[in-house]
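Remarks on the overall topology
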Amino acid sequence: MSSRRSRSRQSGASSEITDAQITDLVSKLQQLIPELRARRSDKVSASKVLQETCNYIKNLHREVDDLSDRLSELLANTDSNSAQAAIIRSLLM
């Protein structure tokens, strides 16, 4: 157990998290990440799950930025009064 968690328990913190809860949360994360979902039966370390989760979130951010840029370009090349422009604007909001 880490010294930080030991100190937390010693101070009587009411929001303690148990090792079983951490294991359960890591398992839930593993189920959400496509790269790890396929390895459900394989043992994957918690650090690997957290690393893959961070990578997945970074990739999602990049995808959102790319899609936003593409929508902005479409909007710039579309008649601003058209129905298509209204749809693009609603997607950007």
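Before any of the text, the structure's been laid out above.
Anyway, here's the lowdown on the structure attached to this text. None of these values were measured; they are calculated from a predicted model. (Residues numbered from 1 in each chain as written. Predicted model: local features only at pLDDT ≥ 70, side-chain atom pairs only at ≥ 80, totals over all residues. Heavy atoms only, no water.)

1. A closer look at the overall build of the protein chain
The criterion, for reference: Secondary structure elements are taken from DSSP: a helix is a run of H or I of four residues or more, a strand is a run of E of two residues or more, and numbering for both begins at the N terminus. Relative accessibility thresholds used throughout: buried, under 20% of the residue-type maximum; exposed, over 50%; partly exposed, between the two (1.4 Å probe, protein chains only). Working rule for contacts: check all heavy atoms of both residues, and any pair within 4.5 Å makes them a contact. Per-residue accessibility takes into account occlusion by the displayed protein chains alone, with areas from the Shrake-Rupley method and a 1.4 Å probe.
The number of helices and strands found in the protein chain is 5 helices and 0 strands. From first element to last, N terminus to C terminus, the protein chain shows the α and β order α-α-α-α-α. Per-residue burial over the protein chain gives 13% buried out of 93 residues. Taking contacts inside the protein chain between residues at least 6 apart in sequence as the whole, the part at least 24 apart equals 6%. Summing over all exposed atoms, the protein chain offers an accessible surface of approximately 7400 Å²; the carbon and sulfur share of this is 53%.

2. Describing the pattern of salt bridges
Opposite charge on two side chains permits them to pair, given that their charged atoms come into close proximity. As a reminder, the rule being used: The salt bridge definition used is simple: a Lys or Arg side-chain nitrogen within 4 Å of an Asp or Glu carboxyl oxygen.
By the definition in use, this model includes 2 salt bridges. The salt bridge involving Lys28 is made with Asp24; its shortest N-O contact spans 3.3 Å. Separated by 4 residues within a single helix, Lys28 and Asp24 lie in helix H2 (residues 19–32), roughly one turn from each other. For the salt bridge of Glu52 with Lys48, the shortest nitrogen-to-oxygen distance reads 3.2 Å. On the criterion of helical spacing, the pair formed by Glu52 and Lys48 is a turn pair, its members being 4 residues apart in helix H4 (residues 46–76). Taking the relative accessible area as the measure of exposure, Glu52 reaches 14% and is therefore buried. Relative accessible area serves as the criterion here: at 28%, Lys48 is assigned to the partly exposed category.

3. Overview of the packing of H2 against H4
The condition that has to hold: Convention adopted: a line fitted to C-alpha atoms gives each axis, helices being fitted over their contacting stretch, and angles between N-to-C directions are expressed from 0 to 180 degrees. Here roughly perpendicular refers to angles of 65 to 115 degrees, roughly parallel to angles under 35, roughly antiparallel to angles over 145, and oblique to all remaining angles. Each helix crossing is assigned a hand: it is left-handed if the near helix lies turned anticlockwise from the far helix by less than a right angle, otherwise right-handed if that turn is clockwise.
For the pair H2 and H4, the least separation of the axes is 10 Å and the interaxial angle reads 45 degrees. With respect to each other, H2 and H4 are oriented oblique. Once H2 is placed against H4, the crossing between them reads as left-handed. Residue-level inspection shows Val26, Leu29, Gln30 and Leu32 of H2 in contact with H4, the latter providing Ala46, Val49, Leu50, Thr53 and Tyr56.

4. Some thoughts on the environment of Ala46
Tracing the backbone through its elements, the reader meets Ala46 in helix H4. Accessibility expressed as a relative area gives 36% for Ala46, which makes it partly exposed. Here the alpha-carbon distance between Ala46 and Val26, two residues 20 residues apart in the chain, equals 6.2 Å.

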